[in-house]
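Summary of structural features
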Amino acid sequence: MMTDIEVKSAEVAGLLKTMGHPKRLLILCALMSEEKTVTELEKSCGAGQSQVSQFVKRMQMEGLIDSRKEANFVYYSIRDEKVKNLMDGIAKIFC
């Protein structure tokens, strides 16, 4: 039987694994201030549309980000407050 700390450590490890790519971190950094489209994320993280779309899709499947459609645009934002707090901590330490 797993203890509470073991369950939490598995959750954190999964979250860090999903975040653990430089471009994914840049995407999350860009989403800290406001929601953005894939085109805006391309510019802010220096990756192509295909790569950004793949990263966004994975993070969406993993529950890190949300999307909403408005006219012809899809806007992405950080879903989980834990991710925002973690990104804030990372920014304070490394930026």
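Above this text you will find the structure in question.
Quick look at the structure, then. Please read these numbers as outputs of a predicted model, since none were measured by experiment.

Let us now look at the pattern of salt bridges. Considering all chains together, one arrives at seven salt bridges under this definition. Glu-34 serves as the salt-bridge partner of Lys-36, at 3.5 Å between the closest nitrogen and oxygen. Its relative accessible area of 12% is what places Lys-36 among the buried residues. Residue Glu-70 is joined to Arg-68 by a salt bridge in which the shortest nitrogen-to-oxygen separation is 2.6 Å. Overall, Arg-68 belongs to the partly exposed group, its relative accessible area being 35%.

Time to look at the environment of Leu-41. Tracing the backbone through its elements, the reader meets Leu-41 in helix α3 (residues 38-45). Once the C-alpha coordinates of Leu-41 and Leu-28 are considered, the two residues, 13 residues apart in sequence, prove to be 9.3 Å apart. Apart from the residues lying within four places of it in its own chain, the contact partners of Leu-41 are Ile-27, Ala-30, Leu-31, Lys-36, Gly-46, Val-52, Val-56 and Tyr-76.

Okay, the environment of Val-38 next. Relative to the elements of secondary structure, Val-38 occurs in helix α3. You can call Val-38 buried: its relative accessible area is 15%. Separated by 14 residues in the primary sequence, Val-38 and Val-52 have C-alpha atoms spaced 6.6 Å apart. Excluding residues within four positions of it along the chain, Val-38 makes contact with Gln-49, Val-52, Ser-53, Val-74 and Tyr-76.

Rules used throughout
- Residues numbered from 1 in each chain as written.
- Predicted model: local features only at pLDDT ≥ 70, side-chain atom pairs only at ≥ 80, totals over all residues.
- Heavy atoms only, no water.
- Salt bridge = Lys/Arg side-chain N within 4 Å of Asp/Glu carboxyl O.
- Buried < 20%, exposed > 50% of the residue type's maximum accessible area, 1.4 Å probe, protein only.
- Helix = DSSP H or I, 4+ residues; strand = E, 2+ residues; numbered from the N terminus.
- Contact = heavy atoms within 4.5 Å.

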